[in-house]
Protein chains: 4
Amino acid sequence: MTDPKTLSDPLVIAGRSFRSRLFLGTAGYPNRQVMLDALTASGTEMVTAAIRRISLAGEEESLVELIGERAHFLPNTAGCQTARDAVLTAELAREALGTSWIKLEVIGDRELLYPDVEELVRATGELVAAGFTVLPYCNDDPIVCRKLADLGAAAVMPLGAPIGSGLGICNPHMIETICNRSPVPVVLDAGIGTASEAALAMELGCAAVLLNTAVSKANDPVRMAAAMRAGVEAGRLARLAGRIPRRRHAEPSSPQLGLVGT
Amino acid sequence: MTDPKTLSDPLVIAGRSFRSRLFLGTAGYPNRQVMLDALTASGTEMVTAAIRRISLAGEEESLVELIGERAHFLPNTAGCQTARDAVLTAELAREALGTSWIKLEVIGDRELLYPDVEELVRATGELVAAGFTVLPYCNDDPIVCRKLADLGAAAVMPLGAPIGSGLGICNPHMIETICNRSPVPVVLDAGIGTASEAALAMELGCAAVLLNTAVSKANDPVRMAAAMRAGVEAGRLARLAGRIPRRRHAEPSSPQLGLVGT
Amino acid sequence: MTDPKTLSDPLVIAGRSFRSRLFLGTAGYPNRQVMLDALTASGTEMVTAAIRRISLAGEEESLVELIGERAHFLPNTAGCQTARDAVLTAELAREALGTSWIKLEVIGDRELLYPDVEELVRATGELVAAGFTVLPYCNDDPIVCRKLADLGAAAVMPLGAPIGSGLGICNPHMIETICNRSPVPVVLDAGIGTASEAALAMELGCAAVLLNTAVSKANDPVRMAAAMRAGVEAGRLARLAGRIPRRRHAEPSSPQLGLVGT
Amino acid sequence: MTDPKTLSDPLVIAGRSFRSRLFLGTAGYPNRQVMLDALTASGTEMVTAAIRRISLAGEEESLVELIGERAHFLPNTAGCQTARDAVLTAELAREALGTSWIKLEVIGDRELLYPDVEELVRATGELVAAGFTVLPYCNDDPIVCRKLADLGAAAVMPLGAPIGSGLGICNPHMIETICNRSPVPVVLDAGIGTASEAALAMELGCAAVLLNTAVSKANDPVRMAAAMRAGVEAGRLARLAGRIPRRRHAEPSSPQLGLVGT
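Note that the coordinates shown come from a computational prediction; the quantities given were computed from them, not determined experimentally.

Conventions adopted
- Residues numbered from 1 in each chain as written.
- Chains lettered and ligands numbered in written order.
- Predicted model: local features only at pLDDT ≥ 70, side-chain atom pairs only at ≥ 80, totals over all residues.
- Heavy atoms only, no water.
- Helix = DSSP H or I, 4+ residues; strand = E, 2+ residues; numbered from the N terminus.
- Rg over C-alpha atoms; globule rule 2.2 N^0.38 Å.
- Buried < 20%, exposed > 50% of the residue type's maximum accessible area, 1.4 Å probe, protein only.
- Areas by Shrake-Rupley, 256 points an atom, 1.4 Å probe, with all protein chains shown as cover.
- Lys, Arg positive; Asp, Glu negative; His and termini not counted.
- Charge placed at Lys NZ, Arg CZ, Asp CG, Glu CD.
- Phe/Tyr/Trp six-rings, centres within 6.5 Å; stacked < 30°, edge-to-face > 60°.
- Lys NZ or Arg CZ within 6 Å of the ring centre and 35° of its normal.
- Core = buried A, V, L, I, M, F, W, Y, C linked by side-chain atoms within 4.5 Å.
- Contact = heavy atoms within 4.5 Å.
- Axes fitted to C-alpha atoms, helices over the stretch in contact; angles between N-to-C directions.
- Parallel < 35°, antiparallel > 145°, perpendicular 65-115°, else oblique.
- Left-handed = near helix turned anticlockwise from the far one by under 90°.
- UniProt positions renumbered as here; feature names shortened; annotations may be inferred.
- Polar contact = N/O pair within 3.5 Å; in protein donor to acceptor, adjacent residues only side chain to side chain.

What follows is about the overall build of chain A. A count of helices and strands for chain A gives ten helices and ten strands. Computed over its C-alpha atoms, the radius of gyration of chain A comes to 20 Å, within 12% of the 18 Å expected for a compact globule of 262 residues. Counting only C-alpha atoms, chain A reaches 80 × 40 × 35 Å along its principal axes. Of all 262 residues assigned to chain A, the portion counted as buried reaches 66%. For chain A, the accessible surface area stands at approximately 8900 Å², while carbon and sulfur atoms represent 49% of it. One finds the centroid of the 25 positive side-chain charges in chain A at a distance of 6 Å from the centroid of its 29 negative side-chain charges.

Attention now goes to the packing of aromatic side chains. Aromatic ring pairs are reported here in terms of the distance separating the ring centres and the angle at which the planes meet. Tallying each qualifying case throughout the model produces eight aromatic pairs over all chains. Residues Phe18(B) and Trp101(B) carry aromatic rings whose centres are separated by 6.4 Å and whose planes lie at 70° to one another, so their mutual orientation is edge-to-face. Here Phe18(B) is found in strand 2 (residues 16-18), whereas its partner Trp101(B) is found in strand 6 (residues 101-104), with 83 residues between them in sequence. Like Phe18(B), the residue Trp101(B) is buried in the burial classification. Taking the centre distance of 5.9 Å and the plane angle of 55° together, the rings of Phe18(C) and Phe23(C) count as tilted. Considered together, Phe18(C) and Phe23(C) belong to a single accessibility category, that of buried residues. Aromatic rings pair up to connect Phe18(A), Phe23(A) and Trp101(A) into one cluster. Residue placement shows Arg94(A) over the ring face of Phe132(A); its charged tip is 3.8 Å from the ring centre.

In this structure, Val215(B), Met228(B), Val215(C) and Met228(C) are the most contacted members of the largest nonpolar core, which totals 152 residues. Each residue touching Met228(C), except ones within four places of it in the same chain, is listed here: Leu22(C), Ile192(C), Gly193(C), Thr194(C), Ala195(C), Ala198(C), Leu211(C), Ala214(C) and Val215(C). Residues Ala218(A), Leu237(B), Ile244(C) and Ala83(D) belong to the second largest nonpolar core, which totals 151 residues.

Put simply, helix 10 (residues 221-241) of chain C and helix 10 (residues 221-241) of chain D touch, their axes get as near as 7 Å, and they point 155° apart. If you check the angle between helix 10 of chain C and helix 10 of chain D, you find them roughly antiparallel. The interaxial crossing formed by helix 10 of chain C with helix 10 of chain D has left-handed handedness. Across the interface between the two elements, Arg223(C), Met224(C), Ala226(C), Ala227(C), Ala230(C), Gly231(C), Ala234(C), Leu237(C), Ala238(C), Leu240(C) and Ala241(C) of helix 10 of chain C pack against Arg223(D), Met224(D), Ala226(D), Ala227(D), Ala230(D), Gly231(D), Ala234(D), Leu237(D), Ala238(D), Leu240(D) and Ala241(D) of helix 10 of chain D.

For the rest of this paragraph, the subject is the UniProt feature "binding site: 1-deoxy-D-xylulose 5-phosphate" (unreviewed entry) in chain A. When the UniProt feature table is mapped onto this chain numbering, "binding site: 1-deoxy-D-xylulose 5-phosphate" (unreviewed entry) sits at Gly164(A), Ala190(A), Gly191(A), Asn212(A) and Thr213(A). Spanning 50 residues, the named residues nonetheless gather at one spot, since no C-alpha pair among them exceeds 9.4 Å. A residue is classified by how much of its surface remains accessible, and Asn212(A), at 11% relative accessible area, is buried. Each residue touching Asn212(A), except ones within four places of it in the same chain, is listed here: Gly25(A), Thr26(A), Ala27(A), Tyr29(A) and Ser253(B). Not counting residues up to four positions away in its chain, the partners in contact with Thr213(A) are Gly164(A), Ala218(A), Ile244(B) and Ser253(B).

Moving on, we come to the side chain of Thr124(C). Mapped onto the elements, Thr124(C) comes out in helix 5 (residues 117-129). The residues contacting Thr124(C), other than those within four sequence positions of it, are Leu104(C), Val134(C), Pro136(C), Leu148(C), Leu151(C) and Ala153(C).

One non-glycine residue, Ala14(A), lies in positive phi territory at about 50°. By secondary structure assignment, the location of Ala14(A) is in the loop between strand 1 (11-13) and strand 2 (16-18).

So, about the side chain of Glu203(D). In this fold, Glu203(D) is placed in helix 8 (residues 195-203). Within polar-contact distance, the side chain of Glu203(D) engages the side chain of Thr194(C) at 2.8 Å. Here the side chain of Glu203(D) touches Ser196(C) through a polar contact of 2.6 Å, side chain to side chain. Filtering out sequence-adjacent residues up to four positions away, Glu203(D) remains in contact with Thr194(C), Ala195(C), Ser196(C), Gly235(D), Ala238(D) and Arg239(D).

Moving on: the environment of Val47(D). Residues and elements named next belong to chain D. For Val47, the position within the fold is in strand 4 (residues 46-50). We classify Val47 as buried; its relative accessible area is 1%. Sequence spacing of Val47 and Ala227 is 180 residues, and the spatial spacing of their C-alpha atoms is 17 Å. In contact with Val47, not counting residues within four places along its chain, are Leu24, Thr26, Leu39, Ile67, Ala71, His72, Phe73 and Leu74.

Below, the structure is given as structure tokens:
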């Protein structure tokens, strides 16, 4: 899309401006080249990887460098189950990678990968106090989202469905409620399986979408990355355009009167 | 989108090739200029208008000419309630406009605007026999769709929801069933309200989407036209890319083992 | 339920009154005793079986007799694919069984088991003219439903989902539309998988529910028959009671003012 | 329903046995007589009211007495926004009413009426330590539900949708996940609008359903109470009966071979 209206609608998080509203993870691709091609096709300007997966010295460092040439690199604390563990991981990342941005994950269960909101709130408070720019992965709980924003989170990132499930947005009503009330950008994180769901997230009022598995495990990750790019643009444009109301009854698009030929 | 993979996937109906899979109607725009700008923003190459709405002589003829410069013009029989009336209307269109393509609408009720499938099947047979390229607007009935294809329809156009309702695709399962079995292209016609729904139609296997009210009555029709363009591209790319399966449980995108820092 | 309000709300079809709004099929049970126990647990007063499955002479006749002691027996034309075949089958049934009631099935495809509405309309007209009480199994097409009623069908029986699929009601909006407009009772036929879906059918305005596989193939058919009985009663009572409107926002059930202890 | 299978399936919470799995609130009825008639029609054995709404001395005390003749009385802390406030309210209730059972509500927002899970977890721990039987109203967060159970809650009561919204169960997948993993009974609390939704809650694995507005604000509260009773029974029976799997394709209930008459 080269529509100038898209370009004039940047996303701003913590003072940084993004033209793309699609954030991508880096795990699970068939190989590194496919990952890089998918990042390019997606147009993303924000890419995340688990700190624990990055060897912070040696050859693996090149992942961060490779990404750094294309996009803002956002380390995440995937795998952490306590605030203490997550804070430590974030500090390791800042020291090694020189960024104070962190996608904060604190999960309460290794099987469900569902956030532990008590630990998450605690870690958010500590990391903000320590000067981090914190983007917490949370659930679709409007009270938790507000607390995170009140504590200084730069954005809130509620899940659409369990990580990797591809179930889409299980509770659109609550995501919309969160978007309507949030003082910070809402990024839909987790659950998306296909492009229409990314578009729906934007139509509900999300500022951006973060996804990983839906692209990396698609049959053709590069093409799915392009699909997600278009889906996010479609949803954002539709949100800005203002959709028609839903009606329970039909309404003719063509006038019924003054017909020729009768 | 400049992805070459999109460009290499044209839609072919009755031997004619289309790069855009979005068809648009012309009714209900605030004014003619907005309509023309929306058509341009949509990238459409197929535009429909009701014969009965076109004054077939005089100044109004310019609508057909204006559209003809940008897209293939597809007259439709909106407002017809019998096969006889629809056939007559199609013949008037062919004579006046010099096209044998017709979007065939035969409705069974002025309030619901729902197709009368018996009359529709009859009119399709007659018009095919008379040399028309027939695209019938039908319901999400897989038996009717197959009959229409067997009779020689160039495509079938099942509804997603009542015309103008903006309810989206009320029965995705049946639309997918129709797509899986149809020997001719399936064009989702009617019901779409926003871009994610257009994307969903393509993901279910539709070859194209036809819509009108969702664009013409949006707060900003031109921007919604761009949204629909992106939505259709997103859905088509996602369909080709092959989405991940839905899972009832979470699956980590980041590996759980070999964690650094523990 | 012994609520007198239930008892005062009988269903009337073609002049015959039914206290139960649950109709059951007889196919696919583990054995005949389970079937009879399920019929009893369901409280049904209308039971259907395929003519083609009934040996019209000899020992199998006892099925009809067994059912006849408990409920009105409704033969059906399952397996017929043309109006001619269905009419012939109905006439065989009338001659052999002495009933002019017929559940009319004319399917367009052996795999989908979806009705062929053209043949169905034709057969309905012929059978009504021949003095039958016709209950046609149709799709969720409001125009077809109205035509069937206009031809003299005693009820219309749209599907909720494909036969045996257990997908529930795929398009509740259209079932509700049909109920709102139908001059004859609407019986939801096919697709129901569990009790909440039977309740939903009644809440949408259906006069009764017909099902078979959901009971006969449940792990415990007798208990599922009792579940369906309660589900249909629940949905009917809820329909009569008049549900609260859906709200997008919360509303306290407990007053917020005049609190004790503050 | 007099099915003996129903009677043999009591619900046990904290050692107390209930034959009815429907819990009802007492707010918002047109008048007290309608409330009492609805309680009777519902068959409920557990009735809740806000402590703050009960005048703990004087004439209003009769509400508790009236209910006490029919059902177990469960005071609730509706309106409380902090753990401290809720604990104090529960202690007031125990002292005045002589019951240590408490439905614990701690909301995070007066408009949304959504639980504040941090305060809820804290209050649950304190009240369990003080000897209360605690039934916390929570959100559909499986980690929070597990924490509440681990702290000693007698049941967990996740919401289906916002209080009073009548939206039903917005995220059935997550309610089912919670039911599958919970060591204590799961009671669906809030959001139910009609009987089919109460049935669905039970089919997903809930042990009981608590509702108020759906009955008290229905056009006919007494009849809706009867509907909810039947809905809960239907859903419980269906859960126990074991439903058929969902299939994407049709499956004939009547055999296709060996047809008579062909």
